[in-house]
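This is what each chain is made of:
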Amino acid sequence: MFRTALRNVLAHKARLLMTVLAVMLGVAFVSGTLVFTDTLSQAFRDQSAKSYDDVAVAVSLRPSPEEAAKNPGLSQAAVDKVAKLDGVTGVQPRVDGFAGVPDENGKLIGFGWANKGTNFAPGPDGKDPALAFTAGRGPAGAGQIALDKATADEGGYRVGDRVRVATNGPVKEYVLSGVFTTEDGAVNAGGSLVVFDAPVAQKLYLKPGYYSDLNVAAASGTDADKLLDEVLKVVPKAATAQTGQALADQQARDIEAGLGALNQTLLGFAGIALFVGVFLISNTFTMLVAQRTKELALMRAVGAARKQITRSVLTEAALVGLVASAVGYVLGIGLAVGLRGFMSVFEMKVPDGELVLGATPVLAAFAVGVLITMLAAWLPGRRAAKIPPVAAMNSVHATPNAKSLVVRNAIGAAVTAIGAVLIVLGANTGGDEGRMTIAGGAFATLIGVIVLIPFLSRPVIALIRPFFVKAFGISGKLAGLNAVRNPRRTGATASALAIGLTLVTGLTVIGVSAGQAIDKMTVDGIKADYMVTMASGESLSKEALTALEKAPGVTAVSPDQAGALDLKGKFASASGVTPGDIERVLKVEVVNGSLATLADGQIAVAEKTATKHGLKVGASVPVEYLDKKKGTLTVGAVYKDSEFLSPVLIDAKLLDAHDPQKYIPRIFVSTDGGPSDTHERALAKAMGDNPAITVLDKKDIRDTFGGQINLLLNIMYGLLAMALIIAVLGVVNTLAMSVFERQQEIGMIRAIGLDRRRVKRMVRLEAVVISVFGAVVGIGLGTFLAWALGKTFEDGLPGYGLVLPWERIGVFLVLAALVGVLASLWPARSAAKLNMLTAIKAE
């Protein structure tokens, strides 16, 4: 039977080509993901280990803002004590924070969150072990800095140039003293590293004479654990310390955890692609079994048992899976290399390192490829074994009996109904619990629709068939009839497209609905012409607020300063704002009272918070500030909840008196006459043309909040592309095998007058009918799921409502039809080229 299976694979290699391609693409996705994440993980681990090669013990002291007043960090005295311990050969104290430099166009180099500044920490030899200088030397005074080579090259900076450096304070100019390479994680993440003289860095980021971190180098043979115990005796009790090896191991674990989410996401989409591929494989083996009915019947007649027939089909599947897995694994390696290059295109830097080809991707590739293929071929193999020899000798094609179709339809309807009930229940429940219920319901509904789809094919195709008959005549009529001739085959082919378009439509509807809600919220909630933020995501300074207030053309300025209060014994976030200006830059709908009372030291409370705490205008509220001081505040106004404001509004000056941190993530600005290039330039100039500060107009603000949704949608479309490609291959495969088994019929209709052009059109239209059918089912199901998921977001996203993007849905239908046309090119050409007499004689 093995020889028979091998002969069949070789005999039908052309018909199995699409199956090989489907499995190959899915396996490539899986193995490529595993190789990519293994390579990335190893590169980061190597970088982490290299960073701590010379570190025996690492000490850190980063107190909270409240504790910083008493103990801001590691003092120079503590550093000196560590340096005098036995076995210590050197110490490198560090203090760091945000620092960035502009390119020649004044734009910030690198990603704001990864742009870092630190101090030069030379050893006795005058060299900083963390920095390898390629030009010049380290900074030796308050007016000097050094830059990493990538940043210096991008900005066109050379030793001796003057460089404008942005920190959380005003922009200052420094002389470039040197250029270096480094294994610092910020630089490898696509950021920049600015190195200051130590006193300058301390003044910028902490307090003169203090450091945040300390790396300790030890002589060869020194026991790191014993040295750690000695270090802990001489540093402040609040400090944490661990060996360099332990720190490297911890970072490696953190890297594994961080990449784990990426790995799971990519494997999830690979699973979708393989799930779609199951339909193609099953369809292929079903048609092969149907076309070999006489051959299988003869084998049964000469003594082959049912189990042997099933094993023969599964052996064919295993051979196909092996070939596809081998090719897929090789393609996966190429995909891993491509993903790494893709990250570089988007300036997402990763450490250099060799491609890691471990055992797991190989085993996964072959296990997934072979098992998926055999699983998909099991049902066709089981059907093949049930063919009665005598009955099969009299009929080339065994048709499914009415009972089996009724049972299938009943099961499909029941599973679909259960799934739909769960989806509706989840939509009404809301929150994370509701979303989990919807996920379970979505899976059940998808399975139910897949089981039910052959039954759905007749009524759905009957609706669209008149259009094809009217537009394309006899070719359209034949195409419609052929599409429903074998509902199971049509359903299996359409299922692959339906799954892909369910996901694409669902994501699109949710994305567009959320985008419009955010857009509406931005337009309705923000009156200001501009929003000013730090590119690093860190706090703007009070000096920035003062400078904006003095800028020409400015009519109103208010910060949205992040703070907190203990309100009647419960935590409540608060926004520090400018009284009199806040209502001119943000829409604040007052329910009771007046916002003018903010200037009198009173507070305004959001409606939900007021209801929760039982607060009304005029009520006195006991509060505790962040500095633990207590007081009593009066409620001066109650306003409707807003996404742009905290539950409590308070005068920023009052908040400043009790908040040592003073975190200002954004400042809103209104100008005379509205936004203009002149006003934008005036604001940038007021900020000292600081490259780290961004001035956003209303369009930029909308893009900031809504752009992430579009980016996420595009990424999802890209990841789902593999599943859609496999679905296209399924259409090609179905049509090609359908043409093969209908050779006699095609020869007959050619003989009675249907020319080659209309034969081609018939096959193409059949493909379009099947593709559009799958698209209609997928779009309908995707929209239903999007509605349900959207209901769970309504509380967290005010203004959210279901928006059907008809233009995109129309594009999906057109693309589905185009997929059908493209998929039919080869089968249509093959059908048109058939010799009439040869085709009529074919069995």
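Above this text is the structure in question.
The shown structure was predicted, so the numbers you read here are calculated from the model rather than taken from an experiment.

A.B. asks: Help me understand the nonpolar core in this model?
C.D. replies: Soluble globular proteins: nonpolar side chains tend toward being buried together. With 46 residues, the main nonpolar core has Val 276 and Phe 773 as its most contacted residues. Looking at which element gives the most residues to this core, the answer is helix α25 (residues 756–793), with twelve residues. Setting aside residues no more than four positions away along its own chain, Phe 773 makes contact with Ile 453, Leu 456, Ser 457, Val 460, Ile 461, Thr 490 and Ala 494. One finds Ile 145, Leu 147, Tyr 211 and Leu 214 within the second-largest nonpolar core, a separate group that totals 37 residues.

A.B. asks: Explain the packing of α25 against helix α26 (residues 806–823) to me, please; I cannot follow it from the model alone.
C.D. replies: When two helices pack together, their arrangement is given by the angle between the helix axes and the distance between those axes. Remark: α25 packs on α26, axes separated minimally by 7 Å, with the N-to-C direction vectors making an angle of 150°. When the axes of α25 and α26 are compared, the pair comes out roughly antiparallel. Where α25 crosses over α26, the two elements pack in a sense that is right-handed. Side by side, α25 and α26 meet where Ala 767, Val 768, Ser 771, Val 772, Ala 775, Val 776 and Ile 779 of the first sit next to Ile 809, Phe 812, Leu 813, Ala 816, Ala 817, Val 819, Gly 820 and Val 821 of the second. Among the residues forming the contact of α25 with α26, the class breakdown is 13 nonpolar, two polar and no charged.

A.B. asks: Quick question: what am I supposed to make of the sheet that holds strand β22 (residues 666–671) here?
C.D. replies: Working definition: the strands of a sheet are paired by backbone hydrogen bonds and lie parallel or antiparallel to each other. Taking strand neighbours across the sheet as the criterion, the four strands line up as β14-β22-β13-β23 in an open arrangement whose pairing is antiparallel. If you trace the sheet from one side to the other, it starts and ends with β14 (554–559) and β23 (693–697), each paired once. Put simply, the sheet's adjacent strands are angled 20° from each other on average, direction ignored. Sheet topology places strand β13 (residues 530–534) next to β22; four bridges connect them, and they run antiparallel. Bridge pairing in β22 links Val 532 to Ile 667. In the packing of helix α18 (residues 542–550) onto the sheet, contacts are made with β13, β14 and β22, and the angle to β14 comes to roughly 160°.

A.B. asks: Even after reading the chapter, I still don't get the packing of aromatic side chains, so can you show me in this structure?
C.D. replies: Where two aromatic rings form a pair, the distance of their centres and the angle of their planes describe that pair. If you walk through the whole model with that rule in mind, you get seven aromatic pairs. Geometrically, the ring pair formed by Phe 120 and Phe 133 is edge-to-face, given 6.1 Å between the ring centres and 85° between the ring planes. Highlighted residues: Phe 120 in the loop between β4 (116–119) and β5 (132–136) and Phe 133 in strand β5, separated in sequence by 13 residues. Judged by its relative accessible area of 11%, Phe 120 falls in the buried class. Residue Phe 133 is classed as partly exposed on the basis of its relative accessible area, which comes to 27%. For the ring pair Phe 784 and Trp 787, a centre distance of 6.0 Å and an interplane angle of 10° mean the geometry is stacked. Linking Phe 784 with Trp 787, this pair stays in helix α25, spanning three residues, or about one helical turn. An aromatic cluster is built from Phe 120, Phe 133 and Phe 180, whose rings are joined through pairwise contacts.

About the criteria used
- Residues numbered from 1 in each chain as written.
- Predicted model: local features only at pLDDT ≥ 70, side-chain atom pairs only at ≥ 80, totals over all residues.
- Heavy atoms only, no water.
- Core = buried A, V, L, I, M, F, W, Y, C linked by side-chain atoms within 4.5 Å.
- Buried < 20%, exposed > 50% of the residue type's maximum accessible area, 1.4 Å probe, protein only.
- Helix = DSSP H or I, 4+ residues; strand = E, 2+ residues; numbered from the N terminus.
- Contact = heavy atoms within 4.5 Å.
- Axes fitted to C-alpha atoms, helices over the stretch in contact; angles between N-to-C directions.
- Parallel < 35°, antiparallel > 145°, perpendicular 65-115°, else oblique.
- Left-handed = near helix turned anticlockwise from the far one by under 90°.
- Nonpolar A, V, L, I, M, F, W, Y, C, P; charged D, E, K, R; others polar.
- Pairing = 2+ DSSP bridges.
- Phe/Tyr/Trp six-rings, centres within 6.5 Å; stacked < 30°, edge-to-face > 60°.

Geometric descriptors of this kind do not, in isolation, establish any biological role.
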